[in-house]
Amino acid sequence: MLKRYPEAVDGLVVERDGAVLRLRIDRPDRRNSLTDDIVLAMTDAIEAAGGDDEVRVIALSASGEHFCSGFDLGTRGGGDKPRTGATQRQMRWHVNRLIPTMLETQTPIVTAATGWIVGLGLHLVLASDFAVVADDARLWAPFTKLGFTPDSGGSWMIPRLVGVARAKELLMLGREVSGETAAAWVMVHRAVPAAEVDAVSAALVDELVGAATVAVGLTKLLVQRGLEVGLERHLADEALAMELSSRSEDFHENARARREKRTPQFRGR
């Protein structure tokens, strides 16, 4: 069933391309910094894709040289000073929806990123299932350098990906790292020369379009939930996922293909 996708907003291109939902940040004149409207539209689009049976992959990219320089703080300010607590109240429906939506949707997300990958832009990359970055890209969590603290799940994701010692270096000291180092630290799926980023990420998208979508999505769910629960609960989740995936059309297609000695043609059902 097709789901309603958000109306176009300035700075974000949303395109349904067959089994792929393509999201492209499109503010190259501002190093693809994000606005309130972009954050909300991106969240709504990913949620819609998660409920769209025809979409099997989400592909995230950006226009121009730089993937994303974070949130555009220049769009904030002016007017009366907000009342105490406004920031934490507003974040709940803003960036604090976006990152969990990326992590929790069963639709796999492939991100292609070059140039500067900063702040919230870095968190978009980290929340992706497969991030292909340029080896000379610059990944930076600059929060303490600007006098405030990480947001949108950065201080939750980074220690889980690189360990506590490196997380403190990245977050507390505000060190930037190259795409090559990020791959070596297992922050991202892969780092390649900038000229190859689009081709490598496109190959991943194609591979996932042809994969057993139900099994892939449930496996993503298991990996994410496994970070939060004990073994007994996780084994129960695995059993449920096995029950569901073994009833999928793709599971039975694989069995037929094995009998017929051919490559299975998965339909994502």
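If you're wondering where the values come from, they're calculated on a predicted model, not measured in any experiment.

How should I be thinking about the sheet that holds strand E7 (residues 138-140) in this particular structure?
Strands belonging to one sheet form pairs held by backbone hydrogen bonds; the direction of such a pair is parallel or antiparallel. Read from one edge of the open sheet, three strands run E5-E7-E8, paired in mixed fashion. Since the sheet does not close on itself, it has two edges, and those belong to strand E5 (116-118) and strand E8 (176-178), each with one partner. Strand-to-strand twist of the sheet, defined as the mean angle between neighbouring strand axes without regard to direction, takes the value 20°. Bridging between E5 and E7 involves three bridges; their strand directions are parallel. Paired with Val 118 across the bridge in E7 is Trp 140. Contacts from helix H4 (residues 120-127) reach E5 and E7, with the element oriented near 90° to E5.

I'm lost on the side chain of Ser 33 in this one. Help?
The residue Ser 33 is located in the loop between strand E2 (20-25) and helix H1 (36-50) in this model. Among the polar contacts listed, one links the side chain of Ser 33 to the side chain of Asp 72, at a separation of 3.4 Å. In contact with Ser 33, other than residues within four places in its own chain, are Arg 27, Ile 38, Ser 69, Gly 70, Phe 71 and Asp 72.

Rules of the game
- Residues numbered from 1 in each chain as written.
- Predicted model: local features only at pLDDT ≥ 70, side-chain atom pairs only at ≥ 80, totals over all residues.
- Heavy atoms only, no water.
- Pairing = 2+ DSSP bridges.
- Helix = DSSP H or I, 4+ residues; strand = E, 2+ residues; numbered from the N terminus.
- Axes fitted to C-alpha atoms, helices over the stretch in contact; angles between N-to-C directions.
- Contact = heavy atoms within 4.5 Å.
- Polar contact = N/O pair within 3.5 Å; in protein donor to acceptor, adjacent residues only side chain to side chain.

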